[in-house]
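Structural description and commentary
Take a look at the letters that make up each chain.
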Amino acid sequence: MTSGWNSVSGPHSVPSPYVELSRDAWRALRENTPLPLTPGELDALRGLRDPIDITEVEEVYLPLSRLLNLFFLAEGGLRDTVGTFLGERVEPTPFIIGVAGSVAVGKSTTSRLLRTLLARWPEHPTVELVTTDSFLYPNRILTERGIMDRKGFPESYDRRALVRFVSSIKAGAPEHEIPVYSHLEYDIVPGASQVVRRPDILIVEGLNVLQAPPPGQLGVSDFFDFSIYVDARVEDIRQWYIDRLFALRRTAFTDPRSYFHKYAHELDEDETAAFAQRIWRDVNEINLVSNILPTRARATLVLHKARDHSVQRFRLRRI
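Regarding the layout of surface pockets
- Here the second largest pocket is characterised by a volume of approximately 200 Å³.
- Lining the second largest pocket are 13 residues, and of these Arg159, Leu162, Asn208, Gln211 and Val220 lie nearest its centre.
- Grouping the constituent residues of the lining of the second largest pocket by class yields eight nonpolar, four polar and one charged.

Considerations on the side chain of serine 182
- Checked against the element boundaries, serine 182 lands in strand E4 (residues 176-182).
- Using a relative accessible area of 13% as the deciding quantity, one classes serine 182 as buried.

Regarding the pattern of salt bridges
- Applying the stated rule across the entire model yields 18 salt bridges.
- Between arginine 23 and glutamate 56 there is a salt bridge, with its nearest N and O atoms 2.8 Å apart. Placement of arginine 23 in helix H1 (residues 23-27) and of glutamate 56 in helix H3 (residues 54-86) is noted, with a sequence separation of 33 residues between them.
- Its relative accessible area of 6% is what places glutamate 56 among the buried residues.
- The shortest N-O distance in the salt bridge between arginine 238 and glutamate 285 comes to 3.4 Å. Of the two residues, arginine 238 is situated in helix H7 (residues 234-250) and glutamate 285 in helix H8 (residues 269-292); the sequence distance between them amounts to 47 residues.
- A residue is classified by how much of its surface remains accessible, and arginine 238, at 28% relative accessible area, is partly exposed.
- One salt-bridge network, in which partners are shared between bridges, spans Arg23, Asp24, Arg27, Glu56 and Glu59.

Notes on the environment of methionine 148
- Within the secondary structure, methionine 148 is located in the loop between helix H5 (139-144) and helix H6 (159-170).
- When the C-alpha positions of methionine 148 and valine 57 are compared, they lie 37 Å apart, and in sequence the two are 91 residues distant.

Thoughts on a negative patch on the surface
- Together, Asp268, Glu269, Asp270 and Glu271 make up a region of like negative charge exposed at the surface.
- For aspartate 270, a relative accessible area of 63% gives the class exposed.

Describing the sheet that holds strand E1 (residues 18-22)
- Strand order in the open sheet formed by seven strands is E1-E9-E8-E7-E2-E6-E3, and the pairing between neighbours is mixed. What marks the edges here is a single partner per strand, and that holds for E1 and strand E3 (127-131). Adjacent strand axes in the sheet meet at a mean angle of 20 degrees, parallel and antiparallel pairs treated alike.
- Sheet contacts for H3: strand E2 (95-101), strand E6 (201-205), strand E7 (226-231), strand E8 (301-305) and strand E9 (311-317); angle to E9, the most-contacted strand, approximately 15 degrees.

So, the packing of H7 against H8
- Between H7 and H8, the least distance of the axes is 10 Å, while the angle of their chain directions is 135 degrees. Judged on the interaxial angle alone, H8 and H7 are oblique. Handedness of the crossing formed by H7 with H8: right-handed. Counting all contacts with H7, which are made through Val234, Ile237, Arg238, Tyr241, Ile242, Leu245, Phe246 and Arg249, the residues of H8 involved are Glu269, Thr272, Ala273, Phe275, Ala276, Gln277, Ile279, Trp280, Asn284, Glu285 and Leu288.
- Along the lines of polarity and charge, the residues of the contact of H7 with H8 split into 12 nonpolar, three polar and four charged.

Considerations on the packing of H3 against helix H4 (residues 107-118)
- Running from N to C, H3 and H4 point in directions that differ by 60 degrees, and their axes come no closer than 10 Å. As the angle between them shows, H3 and H4 are arranged oblique. Crossing handedness for the pair H3 and H4: right-handed. Contact residues: Val57, Tyr61, Leu62, Leu64, Ser65 and Leu68 in H3; Thr110, Leu113, Leu114, Leu117 and Leu118 in H4.
- Here the contact of H3 with H4 is composed, by residue class, of nine nonpolar, two polar and no charged.

A few points about the pairing of E7
- For E7, the tally of buried residues reaches six of six residues, placing the bulk of the element in the interior.
- Direction of pairing for E2 relative to E7: parallel, over a ladder of five bridges. Residue pairing in the sheet places isoleucine 97 in a bridge with phenylalanine 226 of E7.
- With four bridges connecting them, E7 and E8 associate as parallel partners. Paired with aspartate 231 across the bridge in E8 is histidine 304.

A short note on unusual backbone geometry
- The backbone of alanine 104 sits at a positive phi, close to 70 degrees, despite the residue not being glycine.
- Within the secondary structure, alanine 104 is located in the loop between E2 and H4.
- According to the relative accessible area criterion, alanine 104 is buried, its value standing at 12%.
- Despite not being glycine, tyrosine 186 has its phi angle at roughly 60 degrees, a positive value.
- If you trace the backbone, tyrosine 186 turns up in the loop between E4 and strand E5 (187-196).

Rules used throughout
Residues numbered from 1 in each chain as written. Predicted model: local features only at pLDDT ≥ 70, side-chain atom pairs only at ≥ 80, totals over all residues. Heavy atoms only, no water. 1 Å grid on protein atoms, 1.4 Å probe; cavity = no way out; pocket = protein on both sides within 12 Å on 5 of 7 lines; lining within 4 Å. Points joined across faces, edges and corners; volume = space filled by probe spheres on them. Nonpolar A, V, L, I, M, F, W, Y, C, P; charged D, E, K, R; others polar. Helix = DSSP H or I, 4+ residues; strand = E, 2+ residues; numbered from the N terminus. Buried < 20%, exposed > 50% of the residue type's maximum accessible area, 1.4 Å probe, protein only. Salt bridge = Lys/Arg side-chain N within 4 Å of Asp/Glu carboxyl O. Patch = residues over 30% accessible without salt bridge, like charges linked within 9 Å, V, L, I, M, F, W, Y side chains within 5 Å. Areas by Shrake-Rupley, 256 points an atom, 1.4 Å probe, with all protein chains shown as cover. Lys, Arg positive; Asp, Glu negative; His and termini not counted. Charge placed at Lys NZ, Arg CZ, Asp CG, Glu CD. Pairing = 2+ DSSP bridges. Axes fitted to C-alpha atoms, helices over the stretch in contact; angles between N-to-C directions. Contact = heavy atoms within 4.5 Å. Parallel < 35°, antiparallel > 145°, perpendicular 65-115°, else oblique. Left-handed = near helix turned anticlockwise from the far one by under 90°.

Here you go:
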């Protein structure tokens, strides 16, 4: 199974709302965008087992930060147009970017990197990042509902709370408090909170942020000004997931506080591989194919990764 897209090029192709770009074509769109990031800073942003390097930043993410800056500026022009029509000043509200994709595809690294790059543009120095993990129901509720093994599926999130948060931020609320999720403890942290204070840009990252809402209701993506889907072949993501679980077994899982601590000691390498393949097959791949991948067409921009994690193809919605 793959997650590639159909080509739209050729003399007899059907007109498409997308333009597809190669790595070389995309790289040229950086123009004179400076590199405001050191290798040391990139090391701090890189996810576990993510081999992203400075060349990738220069050729992929600097053009992307330029594109997002242009969208941000254009949004200001549209706001002024509405104000002219209404005969009043329309106050700026946060520009919201959604980042979607599978488990282990690298969307968290993409989001952290964009937060850093975008905050170094003079037009929008305050950039916040929120992950939808903060809106997962606590393990207690998932267990009560019998869906603990479906954590990450759409029904495991408090969708209404997520929509309330994003709509509040988009409406210009001075601040909004949200829960905190611990990957170490694999649960919402009781009593902990993250306060988001009216940023210039808000990045919302998560598996299902592009999912269409139920009929007659608003979805979180209705408040996005730009959205990104991080894509790759399913076979490649499967291997990245297995590799990452082995890396976690040697690092985070060794912490006695870790929800998965027992897997650091009780399973040998063959058992760990079997465990990783089972979780991928029975949980993550089902969620990807059934719920996440179908939302790809709703993204403003699709970043398609090759087997080595480098982004090689780009699909940008032009209308």
